[in-house]
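# Results of the structural survey
Listed here are the chains, written in short residue letters.
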Amino acid sequence: MSFDSLGLPDSLVKAVKEQGYTEPSPIQAQAIPAVLEGKDVMAAAQTGTGKTAGFTLPLLANLEHGERAKSNQVRALILTPTRELAAQVHASVENYGKNMPLRSAVVFGGVKINPQMQNLRRGVDVLVATPGRLLDLYQQNAIRFKQLEVLILDEADRMLDMGFVDAVKTIAKATPASRQTLLFSATFEGRVMAIAKQLLKDPARIQLSANHDRHAAIEQRLHHADDHGHKHDLLSHYLSSTELSQAVIFTATKRGADKLAR
Ligand code: AMP
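Report follows, based on the coordinates.

The rules behind the values
- Residues numbered from 1 in each chain as written.
- Predicted model: local features only at pLDDT ≥ 70, side-chain atom pairs only at ≥ 80, totals over all residues.
- Heavy atoms only, no water.
- Helix = DSSP H or I, 4+ residues; strand = E, 2+ residues; numbered from the N terminus.
- Buried < 20%, exposed > 50% of the residue type's maximum accessible area, 1.4 Å probe, protein only.
- Contact = heavy atoms within 4.5 Å.
- Areas by Shrake-Rupley, 256 points an atom, 1.4 Å probe, with all protein chains shown as cover.
- Lys, Arg positive; Asp, Glu negative; His and termini not counted.
- Charge placed at Lys NZ, Arg CZ, Asp CG, Glu CD.
- Phe/Tyr/Trp six-rings, centres within 6.5 Å; stacked < 30°, edge-to-face > 60°.
- Axes fitted to C-alpha atoms, helices over the stretch in contact; angles between N-to-C directions.
- Parallel < 35°, antiparallel > 145°, perpendicular 65-115°, else oblique.
- Left-handed = near helix turned anticlockwise from the far one by under 90°.
- Nonpolar A, V, L, I, M, F, W, Y, C, P; charged D, E, K, R; others polar.
- Arc of directions from axis to C-beta.
- Core = buried A, V, L, I, M, F, W, Y, C linked by side-chain atoms within 4.5 Å.
- Near = heavy atom within 4 Å.
- Polar contact = N/O pair within 3.5 Å; in protein donor to acceptor, adjacent residues only side chain to side chain.

## Describing the overall build of the protein chain
- Broken down by element type, the protein chain carries 12 helices and seven strands.
- Overall, the protein chain is about 70 × 45 × 35 Å in size when its C-alpha atoms are taken along their principal axes.
- Scored against the burial criterion, the 262 residues of the protein chain give a buried share of 45%.
- The long-range share in the protein chain, meaning contacts at least 24 apart out of those at least 6 apart in sequence, stands at 71%.
- Split by element, the accessible area of the protein chain, about 14,700 Å² in all, is 50% carbon and sulfur.
- Side-chain charges in the protein chain split into 31 positive and 27 negative, and the spacing between the mean points of these groups amounts to 9 Å.

Below is the structure:
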């Protein structure tokens, strides 16, 4: 599989190759053609899978030839749970889209809202945002969604964990029903499924092999220890073994973790 066969325009294939990527990651191989086709997509993908390029590249390709964003309008909205992730995703958008005539911006809370309002006045083709600040901007009429073509929820499970469910729903409701929607999440437990059902239309589902499949080489052992002393002796025995170069130890309580660390 190569980037040339995914249907991306040459300018983006070139940008990707300049990054030193030689082949698409599994999530990219599946997501890129589906997004290019205009389908809704829900993908189970954690950080480190290459998911950002998986949605950014086809998004930029789809936006390249459409009508540019008008004043205070946005054509593609990417919601992320944290400002760090928003900044990171925005850096990818800028980087891959550097040779395209598209405007992008990032907005998040904890900084002054006025410069963000000014920046949105000209309209942006791609806006990366955290839900709380975006809702603020929307309520102050600094951003409108009439021209919105694509809504992307990145790390949807974390967004819900952080209490953004109402903000996400309000924002989605304000966007045109004709939009394309993409949802990325590490897990698809109940709440994430519920929001996916509400927001996505007949989505292509992308599920990479489960984690345990990828860790087939792990050997598991179980030791019964009769008391704490014995348990700690066993543990120090393992930790002093030369086979072991790195270890993670889980404990039942914070106090237990502190004690063990000491
Ligand atoms: P992400 O999962 O989107 O946070 O990406 C994780 C890391 O993988 C980032 O540092 C990307 O630059 C890198 N990456 C994304 N796609 C590829 C690829 N096809 N080949 C190699 N590295 C990649």
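## Points about the packing of aromatic side chains
- Following the criterion strictly, the structure yields two aromatic pairs and no others.
- When the centroid spacing of 5.1 Å and the interplanar angle of 50° are considered together, the rings of Phe 55 and Phe 184 count as tilted. Of this pair, Phe 55 sits in helix α3 (residues 51-63) while Phe 184 sits in strand β6 (residues 180-185), and the two are 129 residues apart along the sequence.
- Taking 5.2 Å as the distance between ring centres and 25° as the angle between the ring planes, the aromatic pair formed by Tyr 138 and Phe 145 counts as stacked.

## Re unusual backbone geometry
- Phi is positive for Asn 141, close to 60°, though the residue is something other than glycine.
- Take Asn 141: it is sitting in the loop between α6 (131-139) and β5 (150-153).

## With respect to the packing of helix α2 (residues 26-36) against α3
- Relative orientation of the contacting elements α2 and α3 amounts to 25°, with a least axis distance of 9 Å. With respect to their mutual orientation, α2 and α3 come out roughly parallel. Note that α2 runs across α3; the crossing there is right-handed. Of α3, the residues touching α2 (which contributes Ile 27, Gln 28, Ala 31, Ile 32, Val 35 and Leu 36) are Lys 51, Ala 53, Gly 54, Leu 57, Pro 58, Leu 59, Ala 61 and Asn 62.
- Partitioning the contact of α2 with α3 into residue classes produces 10 nonpolar, three polar and one charged.

## So, helix α8 (residues 165-173)
- Turning to α8, its buried residues are Ala 167, Val 168, Ile 171 and Ala 172. All buried residues of α8 fall inside an arc of 130° around its axis, so they share one side. Away from the buried face of α8 by more than 90 degrees, exposed residues Asp 166 and Lys 173 are located.
- At its buried positions, α8 is contacted by β2 (74-79), α6, β5, α7 (156-161) and α9 (190-199).

## Notes on the nonpolar core
- Of all hydrophobic cores here, the largest spans 40 residues; its most connected members are Leu 57 and Ile 78.
- Per element, the largest residue contribution to this core is seven residues, and it comes from α3.
- Excluding its chain neighbours within four sequence positions, the residues that come into contact with Ile 78 are Phe 55, Leu 59, Val 89, Val 93, Val 126, Leu 127, Val 128, Ala 129 and Ile 152.
- If you look at the next biggest cluster of nonpolar residues, it comprises 36 residues, including Val 107, Leu 120, Leu 151 and Ile 171.

## Let's talk about the site of the ligand
- Residues in contact with the ligand, as listed here, are Phe 3, Tyr 21, Glu 23, Pro 24, Ser 25, Gln 28, Thr 47, Gly 48, Thr 49, Gly 50, Lys 51 and Thr 52.
- Contact between the ligand and Glu 23: a nitrogen atom at 2.9 Å from a main-chain N or O atom of the residue.
- Thr 52 has a polar side-chain atom sitting 2.6 Å from an oxygen atom of the ligand.
- Summarising the interface, the protein chains cover 64% of the accessible area of the ligand, which totals 500 Å² for the free molecule.

## Points about α6
- Turning to α6, its buried residues number three or more, namely Pro 131, Arg 133, Leu 134, Leu 135 and Leu 137.
- In this structure, the buried residues of α6 make contact with β2, β3 (104-107), α5 (114-120), β4 (124-129), α7 and α8.
- Positive phi shows up at Asn 141, right after α6, with a value of about 60°.

Geometry only, nothing functional implied.
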